[in-house]
Amino acid sequence: MDSVRSDRAAGRPKLPTAVKIVIAGGFGVGKTTMVGTVSETTPLRTEEILTDRGVGVDDTSGVEAKDTTTVAMDFGRITIRKDLVLYLFGTPGQERFWFMWDEVSRGALGAVVLADTRRLADCFPSVDYFERRKVPFVVAVNCFDGAKRYSLDEIKMALNLHGDVPVMLCDARDLKSCKQVLIEMVQHAMSQRMLVKS
Amino acid sequence: MTTPEDTPERLLDDHAGPLVRPYVMTRGRIQPVRGKFDLITQVIATGPVPTAEVGLGPEHLAIMRLCQDVMSVAEITGHLNLPVSTVRVLLGDLLERGYVAIQEPEPEADITDIRIYEAVLNGLRAL
Ligand SMILES: Nc1nc2c(ncn2[C@@H]2O[C@H](COP(=O)(O)OP(=O)(O)OP(=O)(O)O)[C@@H](O)[C@H]2O)c(=O)[nH]1
Ligand SMILES: [Mg+2]
């Protein structure tokens, strides 16, 4: 990051703008795999500790609190330009940690909901979440080996999606496939946002 | 998921549980004195790692080492293997004292800037 160093020497540091995309979906659907496939660095993990009193390490009683859970999110990064970085966050597998979803969805460009046709219903909570919060999203159907293939129309029908939500097949292990999903997601998000704006 | 040799954890008592350690590092504080620190907020040290500066703990110094190059809050938590809330408090201390500079992400209302979408699309296509 020579550019940043030299800018800093010149005075005020000029830091990159950061944007993010959320990768959501049910348990074991390939979220971590997709983050790892597209990330330019080894994916990292960010954690938050929950106590029975809520988030983080609050007041003194926190020291003795026994009911603690760690919620983890995997994330990766793609340097778009020297002044623009894209982060991809895989949501925690268990949907009950909504506060982490809120944190990561706020200000996101959009979301990819991964679905597995063998357990399609697992993606309903994610779909509901992004619909309710008006976060633009696409549904990417992860093609697990041996999974029964449905047509995209059948899947769309089963998900009861609004007409303009793109649904596509993908393989979370394949860069070209993930890239296509992300491009479609950003295009969809762009048209949605511009619609809202005008 | 690397754990650098000098993570704060190694400097602290093993008997202290996962909850106690972050608690001690922040001296019980849950809110940073300054800054909101989104997960993707960019952070950079404004100078070299201070030596034996009064009031800075080993975790503050570990952050200063990491942030010699620009890095997000999420990446700091990942490299140091510390909870987000703890890192936010430590960063607030550093920001307050001018040891780090930050760039918050675009607020939600501003991501209607079409140029950002176009730049992201171009970047993804080039992957
Ligand atoms: N055949 C096939 N296997 C996949 C694909 N994507 C992921 N897998 C495998 O499915 C398993 C689960 O993938 P993960 O990426 O860990 O899923 P996850 O959504 O992060 O899981 P949780 O975080 O536990 O909810 C792994 O063994 C992957 O190798 C895919 O596109 N095709
Ligand atoms: Mg995972």
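This report concerns the structure included in the present document. (Residues numbered from 1 in each chain as written. Chains lettered and ligands numbered in written order. Predicted model: local features only at pLDDT ≥ 70, side-chain atom pairs only at ≥ 80, totals over all residues. Heavy atoms only, no water.)

All names here are of chain A. Among the structural elements, Ser-151 can be located in the loop between β7 (137–142) and α5 (152–159). For Ser-151, a relative accessible area of 35% corresponds to the partly exposed category. When the C-alpha atoms of Ser-151 and Leu-169 are compared, they prove to be 9.6 Å apart, with 18 residues separating the residues in sequence. (Helix = DSSP H or I, 4+ residues; strand = E, 2+ residues; numbered from the N terminus. Buried < 20%, exposed > 50% of the residue type's maximum accessible area, 1.4 Å probe, protein only.)

All names here are of chain A. All told, the structure shown has 7 aromatic pairs over all chains when counted by the stated rule. Taken together, a centroid distance of 6.3 Å and an interplanar angle of 35 degrees make the contact between Phe-130 and Phe-137 tilted. Residues Phe-130 and Phe-137 agree in their burial class; the two are buried. (Phe/Tyr/Trp six-rings, centres within 6.5 Å; stacked < 30°, edge-to-face > 60°.)

Take the site of ligand 1 next. Residue and element names in this part refer to chain A. Surveying the vicinity of ligand 1 reveals 15 residues, the closest of which are Gly-28, Lys-31, Thr-32, Thr-33 and Asn-142. Between ligand 1 and Lys-31 there is a distance of 2.8 Å, counted from an oxygen atom to a side-chain nitrogen or oxygen. Of the residues forming the shell around ligand 1, the biggest block, 3 residues, is contributed by helix α2 (residues 31–38). The class makeup of the residues in the shell around ligand 1 is 5 nonpolar, 6 polar and 4 charged. (Near = heavy atom within 4 Å. Polar contact = N/O pair within 3.5 Å; in protein donor to acceptor, adjacent residues only side chain to side chain. Nonpolar A, V, L, I, M, F, W, Y, C, P; charged D, E, K, R; others polar.)

In space, the 3 strands of this open sheet follow the order β2-β1-β3 (chain B), with antiparallel pairing throughout. Each edge of the open sheet is held by one strand with a lone partner, namely β2 (71–72) and β3 (100–103) of chain B. (Pairing = 2+ DSSP bridges.)

Residue and element names in this part refer to chain A. A complete count under the given rule lists 0 disulfides over all chains for this structure. Note on Cys-170: no disulfide assigned, nearest cysteine sulfur contributed by Cys-178 at a separation of 6.1 Å. A residue is classified by how much of its surface remains accessible, and Cys-170, at 3% relative accessible area, is buried. (Disulfide = S-S within 2.5 Å.)

In this section: the environment of Leu-120 of chain A. Residue and element names in this part refer to chain A. The topology assignment puts Leu-120 in the loop between β6 (110–115) and α4 (124–132). The buried category is assigned to Leu-120, whose relative accessible area is 16%. Among all residues touching Leu-120, those that are not within four sequence positions of it are Ala-115, Ile-155, Ala-158 and Leu-159. (Contact = heavy atoms within 4.5 Å.)

Fair warning: the whole summary comes from geometry, so function is off the table for now.
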